[in-house]
Amino acid sequence: QVQLVESGGGLVQAGGSLRLSCAASGRTFNSYAMGWFRQAPGKDREFVVAISWGSADTYYADSVKGRFTISRDDAKNTVYLQMNSLQPEDTAVYYCAAALRVTTVVTEYRYWGLGTQVTVPS
């Protein structure tokens, strides 16, 4: 199994940046695709970005393309989400997740962290 713990969230002004980290543990971490999702109050959890276990393939939601970047360091068992040009609509709890194959579908992710809050005041 895989255990995931997010960190790096906080409050940042519009136009600012944050870097989220997802620390993973488990015997098969480098076999999983990884993704970031976010959920605002009263809304469904939505796809943000995903990366394959070999880092060859990445997928970005249109709303974050050009602003967010996903990367992974398998030697450190860590996945990162660099978020630039943050806007109020980015405010949400951000979740790290692991899937057997790279996908944008939330229900196909098997393991989830507990999330980290990102707040961008309007």
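Quick note: structure is the one above.
Worth saying up front: this structure is predicted, and the values here are computed from it rather than measured.

Student: What exactly am I supposed to notice about the overall build of the protein chain here?
Tutor: Each helix and strand in the protein chain was counted, giving zero helices and 11 strands. For 122 residues, the compact-globule estimate of 2.2 N^0.38 gives 14 Å, and the C-alpha radius of gyration of the protein chain, at 13 Å, lies within 12% of that figure. Taking the principal axes of its C-alpha atoms as reference, the protein chain extends roughly 40 × 25 × 25 Å. A buried classification covers 43% of the 122 residues belonging to the protein chain. Once local pairs closer than 6 in sequence are excluded, the contacts in the protein chain between residues at least 24 apart make up 57%. As presented, the protein chain carries roughly 6300 Å² of accessible surface, and 47% of it is formed by carbon and sulfur atoms. Averaged over its 11 positive side-chain charges, the protein chain has a centre that lies 4 Å from the centre of its 10 negative ones.

Student: Please explain the pattern of salt bridges as it appears in this structure.
Tutor: Where charged atoms of side chains with opposite charge meet at close range, the side chains can pair. Under the criterion given, the structure shown has four salt bridges. Among the ionic pairs, Arg38 bridges to Glu46, the shortest N-O distance being 2.7 Å. Between Asp90 and Arg67 there is a salt bridge, and its shortest N-O distance comes to 2.8 Å. Linking Asp90 in the loop between β8 (78–83) and β9 (92–99) with Arg67 in the loop between β6 (58–60) and β7 (68–73), this pair joins segments that are 23 residues apart in sequence.

Student: For this particular structure, what's the right way to read the state of the cysteines?
Tutor: A covalent bond between the sulfur atoms of two cysteines is what we call a disulfide. Throughout the structure, instances matching the rule amount to one disulfide. Two residues share a disulfide in this structure: Cys22 and Cys96, whose sulfurs sit 2.1 Å from each other. Here the S-S torsion is close to -80 degrees, and the disulfide linking Cys22 with Cys96 is therefore left-handed. With Cys22 in strand β3 (residues 18–25) and Cys96 in strand β9, this residue pair connects regions lying 74 residues apart in the sequence. Taken individually, Cys22 and Cys96 each receive the classification buried, so the pair is uniform in this respect.

Student: Would you mind showing me how to read the sheet that holds β3 here?
Tutor: In any sheet, the strands associate via hydrogen bonds between backbone groups, in a parallel or an antiparallel arrangement. Overall, antiparallel pairing links the four strands, which are arranged β1-β3-β8-β7 in an open sheet. Each having just a single partner strand, β1 (3–7) and β7 make up the two edges of the open sheet. Shown here is a sheet whose adjacent strand axes are inclined to one another by a mean of 15 degrees, direction ignored. The pairing of β3 with β8 spans six bridges and is antiparallel. Following the sheet pairing, Cys22 is matched in β8 by Val79.

Conventions and cut-offs
Numbers given for residues are sequential positions, taken from 1 along each chain in its written order. Only residues with pLDDT of at least 70 get local features here, since the model is predicted, and only at 80 or more are side-chain atom pairs given and counted; chain-wide, interface and lining totals rely on the full set of residues. The basis for every side-chain value is the complete set of non-hydrogen atoms in the structure, without hydrogens or water. Each helix corresponds to a stretch of at least 4 residues labelled H or I by DSSP, and each strand to a stretch of at least 2 residues labelled E; elements are numbered beginning at the N terminus. Only the C-alpha atoms count toward the radius of gyration. The rule for a globule is 2.2 Å times the residue count to the power 0.38. Per-residue accessibility, obtained with a 1.4 Å probe over protein chains only, is compared with the maximum for each type, and a residue is labelled buried under 20%, exposed over 50%, and partly exposed between these values. Note on contacts: a residue pair is in contact if any heavy atoms of the two residues lie within 4.5 Å. Per-residue and other accessible areas were derived by the Shrake-Rupley procedure at a 1.4 Å probe size, with only the shown protein chains allowed to occlude residues. Neither His nor the chain ends contribute to the count of charged residues, in which Lys and Arg are positive and Asp and Glu negative. Where a charge lies is defined by one atom per residue type: Lys uses NZ, Arg uses CZ, Asp uses CG and Glu uses CD. Any carboxyl oxygen of Asp or Glu that lies within 4 Å of a side-chain nitrogen of Lys or Arg is treated as forming a salt bridge with it. The definition used for a disulfide is geometric: two cysteine sulfur atoms within 2.5 Å. When DSSP finds two or more bridges between a pair of strands, those strands are recorded as paired. Axis geometry follows a simple rule: fit a line to the C-alpha atoms, using only the stretch in contact for helices, then measure angles between N-to-C directions, giving values from 0 to 180 degrees.

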